[in-house]
Amino acid sequence: MADWNDTIVALATPQGIGAIGVIRLSGERAWVIANELFPSKNLLLQPTHTMHVGLLKDGPHVLDEVVVSLFKGPRSYTGEDVVEISCHGSPYVLQQVVQASIHHGARMAKPGEYTQRAFLNGKLDLAQAEAVADLIASNSAASQHTALANMRGGFSDILKGLRDQLIKFSALIELELDFSQEDVEFVDRTAFYVLIDVALQTTTRLLKSFQLGNVIKNGVKVAIVGKPNAGKSTLLNTLLNENRAIVSEIAGTTRDTIEEVLNIQGILFRLVDTAGIREHTSDVIERIGIERSKGAMDSADLIIYLVDLSAISPSELDDLTLEIGARNKPFVLVGNKADLAGGSDFSDDLLRISAKDPQSVEALKDRMVSLVASGGINTEDVVVTNARHYQALQAVQQSLVDIRNGMDSGLPGDLLALDIRRCLHFLGEITGEVSNDELLGWIFERFCIGK
Ligand SMILES: Nc1nc2c(ncn2[C@@H]2O[C@H](COP(=O)(O)OP(=O)(O)OP(=O)(O)O)[C@@H](O)[C@H]2O)c(=O)[nH]1
Ligand SMILES: [Mg+2]
């Protein structure tokens, strides 16, 4: 583990040329080092949360004209004394400023070390710190919202509530043990049952949100499937607004799956165009493509099943609806080539589009978004997006079940107390009350340097 008494320095903005680049110093000597590089004013006499313009010099050597922002701990990101130096964004200048800081006694920061210090100084808990990494990596409005909510402590608050109540009960049970001769029950068992049930409901909801969380983080996988020539590749191209896939009137044009990412109303979709599915083909490559199409359907979060309205009868369509419905997966049945098919003898459930016409595809986009939303994506809610939290939550849930079973079978108080402690342990693992150097190293190594 790093030495927490030293002062660290790193570039906080991305590598490369920019209008400005920010270098951040954190630690006991942050202000002193900045002051040594900033001759025009004594920074040590300035109040916290102020900004100062002036030349930055390493000895006689002028480095840049900069803006220095001062933060006195604990009112800073890390909780320590922090200085942010906004320089002109030349990689050469920035490198020189980092070097000068090192000459004056700073050490290059390790990946995630600022956030790790913030955690160790109690500025954020572990779940919040991890949300910082998620927020930096967010690539859609939905993933931004969930990361932001978790960073601000929504998830942590729920866990903390659970923990506080369990601690209260475990204290009472342990008190009961001290008086075991007297055969008293301090703990109101009915109230405890209620508590455990509420806790179980909460963990179940959080565990369920993980699937959703993954969807938010990684995108909703959408398989576009249907018979050859239905217009799948045409639809992909129109959705993406570019000629991504080859389109032709030859059935069996698409051989392999094609995957592209599309952001619709803040939700990330991973669209997969597939080879048209037909039962009998002698073409070996086409057969492999069809296998992949079926695989894409199996792994998809949502299926768009496209039919050519000019080449299907209502009864065929009914059979198809049943067949896709049996997959137990959200799907949209889309009737394509509405411009060719005159007949309106198809059911109203069918979404009619013309894949060539961007205007008519808008309705499909709305349907995709609403399907995801009805699947429960509400970014205001707390959503678990982190596999480590998910695993710990599973353990929390299991220990809650054990506690309840223990109470059902009249388990003695000391054993019950043990189960409660185990549950508290797993809860603490998520927020960091229970942690070790190895775990912290693993988490913070995944951050970039400067965060
Ligand atoms: N009239 C009309 N023709 C369309 C429409 N959508 C697609 N087509 C035509 O249908 C033919 C097949 O389109 P594709 O997009 O290649 O069909 P596909 O489903 O990808 O076919 P495979 O890759 O062979 O499985 C092309 O000639 C398209 O121009 C539409 O909305 N209206
Ligand atoms: Mg195709």
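Note: the structure precedes this text.
Notes on the structure in this doc start here. (Residues numbered from 1 in each chain as written. Chains lettered and ligands numbered in written order. Predicted model: local features only at pLDDT ≥ 70, side-chain atom pairs only at ≥ 80, totals over all residues. Heavy atoms only, no water.)

On the surface, Val 284, Ile 285 and Ile 288 cluster together to form a nonpolar patch covering roughly 280 Å² of accessible area. With respect to the helices and strands, the residue Ile 285 is situated in helix H9 (residues 284-299). Assessed through its relative accessible area of 52%, Ile 285 is described here as exposed. (Patch = residues over 30% accessible without salt bridge, like charges linked within 9 Å, V, L, I, M, F, W, Y side chains within 5 Å. Areas by Shrake-Rupley, 256 points an atom, 1.4 Å probe, with all protein chains shown as cover. Salt bridge = Lys/Arg side-chain N within 4 Å of Asp/Glu carboxyl O. Helix = DSSP H or I, 4+ residues; strand = E, 2+ residues; numbered from the N terminus. Buried < 20%, exposed > 50% of the residue type's maximum accessible area, 1.4 Å probe, protein only.)

Near ligand 1 lie 23 residues; those nearest to it are Lys 232, Thr 234, Gly 252, Thr 253 and Thr 254. Separating an oxygen atom of ligand 1 from a side-chain N or O atom of Ser 233 is a distance of 2.8 Å. A distance of 3.0 Å is found between an oxygen atom of ligand 1 and a side-chain nitrogen or oxygen belonging to Lys 337. Taken by itself ligand 1 offers 660 Å² of open surface, and the protein chains cover 91% of this. Counting residues per element, the shell around ligand 1 draws most heavily on helix H8 (residues 232-240), at three residues. (Near = heavy atom within 4 Å. Polar contact = N/O pair within 3.5 Å; in protein donor to acceptor, adjacent residues only side chain to side chain.)

Attention shifts here to the nonpolar core. The biggest cluster of nonpolar side chains holds 32 residues, and the ones touching the most others in it are Phe 155, Leu 166, Phe 192, Leu 393, Leu 400 and Ile 403. With sequence-adjacent residues up to four places away left out, Leu 400 is seen in contact with Ile 196, Ala 199, Leu 200, Thr 203 and Cys 423. By size, the runner-up hydrophobic cluster in this structure holds 29 residues, among which are Ile 224, Ala 230, Leu 235 and Leu 262. (Core = buried A, V, L, I, M, F, W, Y, C linked by side-chain atoms within 4.5 Å. Contact = heavy atoms within 4.5 Å.)

This part is about the coordination of the magnesium ion (ligand 2). Under perfect tetrahedral coordination by four donors, a metal shows angles of 109.5 degrees; under perfect octahedral coordination by six donors, it shows angles of 90 or 180 degrees. Summarising the metal site, the magnesium ion (ligand 2) is bound by the protein donors Ser 233 (OG) and Thr 254 (OG1), whose distances to it range over 2.0 Å. Highlighted residues: Ser 233 in helix H8 and Thr 254 in the loop between H8 and strand S8 (258-264), separated in sequence by 21 residues. Comparing Ser 233 with Thr 254 shows no difference in burial state: the two are buried. (Donors = N, O, S within 2.8 Å, 3.2 Å for Na, K, Ca; no water.)

What follows deals with the pattern of salt bridges. Taken as a whole and judged by the stated rule, the model has 22 salt bridges. Of the charged contacts in the structure, one is a salt bridge between Asp 6 and Arg 107, with a shortest N-O distance of 2.6 Å. Pair noted here: Asp 6 is in the segment before strand S1 (8-11) and Arg 107 is in strand S6 (residues 107-108), with a separation of 101 residues, a long-range link. Two residues, Arg 117 and Glu 80, come together in a salt bridge whose shortest N-O distance is 3.0 Å. Of this pair, Arg 117 sits in helix H3 (residues 113-120) while Glu 80 is found in the loop between strand S4 (61-71) and strand S5 (82-89), placing the two residues 37 residues apart along the sequence. Through salt bridges that share partners, Asp 6, Glu 80, Arg 107, Glu 113 and Arg 117 make up one connected network.

The final tally for this structure, using the stated rule, is one cavity of 30 Å³ or more. The volume enclosed by the largest cavity comes to roughly 40 Å³. If you go around the largest cavity, the residues you meet are Ala 127, Glu 130, Ala 131, Asp 134, Asn 150, Phe 155, Thr 385, Asn 386 and His 389. Element by element, the count of residues in the lining of the largest cavity is highest for helix H4 (residues 126-137), at four residues. Across the lining of the largest cavity, the residue classes tally to three nonpolar, four polar and two charged. (1 Å grid on protein atoms, 1.4 Å probe; cavity = no way out; pocket = protein on both sides within 12 Å on 5 of 7 lines; lining within 4 Å. Points joined across faces, edges and corners; volume = space filled by probe spheres on them. Nonpolar A, V, L, I, M, F, W, Y, C, P; charged D, E, K, R; others polar.)

Let's shift gears to the sheet that holds S6. Ordered in space as S3-S4-S5-S2-S1-S6, the six strands form an open sheet in which the pairing is mixed. On the outer flanks of this sheet lie strand S3 (50-58) and S6, each paired with one strand and no other. For S3 and S4, the ladder comprises nine bridges, and the chain directions are antiparallel. Residue pairing across strands places Leu 56 opposite Asp 64, the latter belonging to S4. In the packing of helix H2 (residues 91-103) onto the sheet, the strands contacted are S1, strand S2 (18-26), S3, S4, S5 and S6, and the crossing angle to S5 comes to about 150°. (Pairing = 2+ DSSP bridges. Axes fitted to C-alpha atoms, helices over the stretch in contact; angles between N-to-C directions.)

Between its terminal C-alpha atoms helix H6 (residues 154-178) stretches 37 Å, which fits the 36 Å expected from 25 residues at 1.5 Å a residue. Taken together, the buried positions of H6 are occupied by Phe 155, Ser 156, Leu 159, Leu 162, Arg 163, Leu 166, Phe 169, Ser 170, Ile 173 and Glu 176. Contacts from the buried residues of H6 go to H4, helix H5 (141-151), helix H7 (189-218), helix H12 (387-408) and helix H13 (413-431). (Expected span 1.5 Å × (residues − 1).)

As for its placement among the helices and strands, Asp 273 is situated in strand S9 (residues 267-273). Among the polar contacts listed, one links the side chain of Asp 273 to the side chain of Ser 233, at a separation of 2.6 Å. Those residues in contact with Asp 273, other than ones at most four positions away along the chain, are Ile 224, Lys 232, Ser 233, Leu 236, Ala 245, Thr 254, Asp 256, Thr 257 and Ile 258.

The next point concerns the pairing of strand S11 (residues 331-336). Where burial is concerned, most of S11 is hidden: five out of the six residues are buried. Pairing of strand S10 (residues 302-308) with S11, which is carried by six bridges, proceeds in the parallel orientation. In the sheet register, Tyr 305 faces S11, and the bridge partner there is Leu 333.

Across the interface, H6 lies against H13 with an axial gap of 9 Å and an inter-helix angle of 160°. Here H13 runs roughly antiparallel to H6, going by the angle between their axes. Both H6 and H13 take part in a crossing whose hand is left-handed. Residue-level contacts link Phe 155, Ser 156, Leu 159, Leu 162, Arg 163, Leu 166, Ile 167, Ser 170, Ile 173, Glu 174 and Leu 177 of H6 to Gly 413, Asp 414, Leu 416, Ala 417, Ile 420, Arg 421, Cys 423, Leu 424, Leu 427, Gly 428, Ile 430 and Thr 431 of H13. Considered class by class, the residues forming the contact of H6 with H13 number 14 nonpolar, five polar and four charged. (Parallel < 35°, antiparallel > 145°, perpendicular 65-115°, else oblique. Left-handed = near helix turned anticlockwise from the far one by under 90°.)

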